[in-house]
Amino acid sequence: MRDALLTLWQRPLPHHFLSRIVHALMRSTALPALRLAFMRWFVARFGVVLADAVQPELAAYPTFNAFFTRALRPGARAIAAAADAIASPADSRFSQSGAIESGRIFQAKGRSFSAIELLGGSAADAAPFADGEFATLYLSPCDYHRVHMPLDGELRAMVHVPGRLFSVSPMTTRGVDRLFARNERVAFLFDTAAGRMAYVMVGALFVSSIETVWSGEVTPPAGRAVRRWDYAPGQHHFRKGDELGRFNMGSTVILLFERGRITWDAALDADAALQVGQRIARYA
């Protein structure tokens, strides 16, 4: 109840209007001294580790968004090498994981949402994940905001689902019902050695701009209708650790797997800190 009350202020906000303003500001090259001062404050406030970046000098970034989506230097992350290892797709917090029960995915105490609505309303897309497994990974402001492939896979479809843009902070996750099925998101369906995998990038307030390496910026624009792209076999193949895309601020990744195909690492507690490439599960 406390979290629900504390998130009430977000409900009447014009989410997309505010996010588009921030989208423009984060790409502005004006007022470089002010921008540099803000980036220095951001690094100090959130504990950003610049030593991991290809470019550790803040003054070299032409916009705040360039800094926020900075690339990692080669070797900064080790990708789990075992053939059956499923790697973390992002620097993040291991927020939730477990079984998909009767088609529903746990969000927080007393709150859940369906796999069908998460994937844009398609029962056929959600069917492989009936009684399967899920994991929710939360990216905080300090994290590296590019996302990667957790295991080898073939992209079969991409679905853009328009929606609101609530914050995805832990407090909002506890306070807003069906948060991840209400926020704007982009879902990817892959064929992998672990069976069908859904990989969902959930947007959030400020800015909800989601990009992929093969199609560029998917959102904005937000639109009102679900958009879908289907891909032929061999069109988009990714290896474990390959970059898939990036969040331009605001971010959660949700992974869905088929029943009986994967086992989460027992050492991963809720809220465990993860890095790209770290093993989070094994598949059979």
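Up top is the structure.
Structure report, in brief. (Residues numbered from 1 in each chain as written. Predicted model: local features only at pLDDT ≥ 70, side-chain atom pairs only at ≥ 80, totals over all residues. Heavy atoms only, no water.)

**Re helix α2 (residues 15–26)**
- For α2, which comprises 12 residues, the first-to-last C-alpha distance of 16 Å matches the rise-based estimate of 16 Å (1.5 Å per residue) to within 8%.
- Every buried residue of α2 is listed here: His15, Ser19, Val22, His23 and Met26. The arc enclosing the buried residues of α2, seen along the axis, measures out at 110°, which places them on a common side. The exposed set on the far side of α2, more than 90 degrees from its buried face, consists of Phe17 and Leu25. (Helix = DSSP H or I, 4+ residues; strand = E, 2+ residues; numbered from the N terminus. Expected span 1.5 Å × (residues − 1). Buried < 20%, exposed > 50% of the residue type's maximum accessible area, 1.4 Å probe, protein only. Arc of directions from axis to C-beta.)

**Digging into a nonpolar patch on the surface**
- The grouping of Phe17, Ile21 and Leu25 at the surface amounts to a nonpolar patch, some 310 Å² of accessible area in total.
- Its location among the elements puts Ile21 in helix α2.
- Judged by relative accessible area, which is 37%, Ile21 ranks as partly exposed. (Patch = residues over 30% accessible without salt bridge, like charges linked within 9 Å, V, L, I, M, F, W, Y side chains within 5 Å. Areas by Shrake-Rupley, 256 points an atom, 1.4 Å probe, with all protein chains shown as cover. Salt bridge = Lys/Arg side-chain N within 4 Å of Asp/Glu carboxyl O.)

**Comments concerning the sheet that holds strand β11 (residues 216–219)**
- Pairing is antiparallel across the open sheet formed by four strands, whose spatial order is β6-β14-β10-β11. Either end of the sheet is taken by a strand with one partner, and the two such strands are β6 (146–148) and β11. The average undirected angle you get between the axes of adjacent strands in this sheet is 30°.
- Inspection of the sheet shows strand β10 (residues 210–212) paired to β11 by three bridges, in the antiparallel sense. Across the sheet, Thr212 pairs through a bridge with Gly216, a residue of β11. (Pairing = 2+ DSSP bridges. Axes fitted to C-alpha atoms, helices over the stretch in contact; angles between N-to-C directions.)

**Here's the deal with the sheet that holds strand β18 (residues 279–283)**
- Strand order in the open sheet formed by three strands is β1-β18-β16, and the pairing between neighbours is antiparallel. Strands at the two margins of the open sheet, each flanked by one partner only, are β1 (85–87) and β16 (262–264). Neighbour-to-neighbour, the strand axes of the sheet open up by a mean angle of 35°, direction not taken into account.
- Judged from the three bridges that link them, β16 and β18 form a sheet pairing that is antiparallel. The residue bridging Trp264 from the neighbouring strand is Ala281, located in β18.

**Observations regarding the pairing of strand β2 (residues 92–99)**
- As paired strands, β2 and strand β17 (residues 272–274) are joined by three bridges and run antiparallel to one another. Residue pairing across strands places Phe94 opposite Ala272, the latter belonging to β17.
- As judged from the six bridges shared by β2 and strand β5 (residues 133–138), these two strands associate in the antiparallel manner. Note on β5: the bridge partner recorded for Gln96 is Thr136.

**As for the layout of surface pockets**
- Put simply, the largest pocket is a space of about 360 Å³.
- Counting residues per element, the ones that place at least two in the lining of the largest pocket are α2, α3 (32–46) and α4 (64–68).
- A total of four residues in the lining of the largest pocket trace back to one element, the largest contributor, which is α3.
- Classifying every residue of the lining of the largest pocket by side-chain character gives 16 nonpolar, six polar and no charged. (1 Å grid on protein atoms, 1.4 Å probe; cavity = no way out; pocket = protein on both sides within 12 Å on 5 of 7 lines; lining within 4 Å. Points joined across faces, edges and corners; volume = space filled by probe spheres on them. Nonpolar A, V, L, I, M, F, W, Y, C, P; charged D, E, K, R; others polar.)

**Things to note about the pattern of salt bridges**
- Throughout the structure, instances matching the rule amount to 15 salt bridges.
- A salt bridge links Asp91 to Arg77; the shortest N-O distance between them is 2.6 Å. Placement of Asp91 in the loop between β1 and β2 and of Arg77 in the loop between α4 and β1 is noted, with a sequence separation of 14 residues between them. This pair shows no difference in class: Asp91 is buried, exactly as Arg77 is.
- It is possible to trace a salt-bridge network through shared partners that takes in Asp52, Arg73, Arg77 and Asp91.

**Focus: the environment of Arg246**
- In this fold, Arg246 is placed in strand β14 (residues 243–247).
- Residues Arg246 and Val213, spaced 33 residues apart in sequence, show a C-alpha to C-alpha distance of 8.3 Å.
- Contact partners of Arg246, with chain neighbours within four places excluded, come to Thr69, His145, Arg146, Val147, Met201, Ser209, Ile210 and Glu211. (Contact = heavy atoms within 4.5 Å.)

**Observations concerning the packing of aromatic side chains**
- In the structure shown here, the tally under the stated rule is 19 aromatic pairs.
- A centroid spacing of 5.9 Å and a plane angle of 90° characterise the contact between Phe42 and Phe67, whose relative ring orientation is edge-to-face. Taken as a pair, Phe42 in helix α3 and Phe67 in helix α4 lie far apart in primary sequence, 25 residues in all.
- Judged by its relative accessible area of 0%, Phe67 falls in the buried class. (Phe/Tyr/Trp six-rings, centres within 6.5 Å; stacked < 30°, edge-to-face > 60°.)

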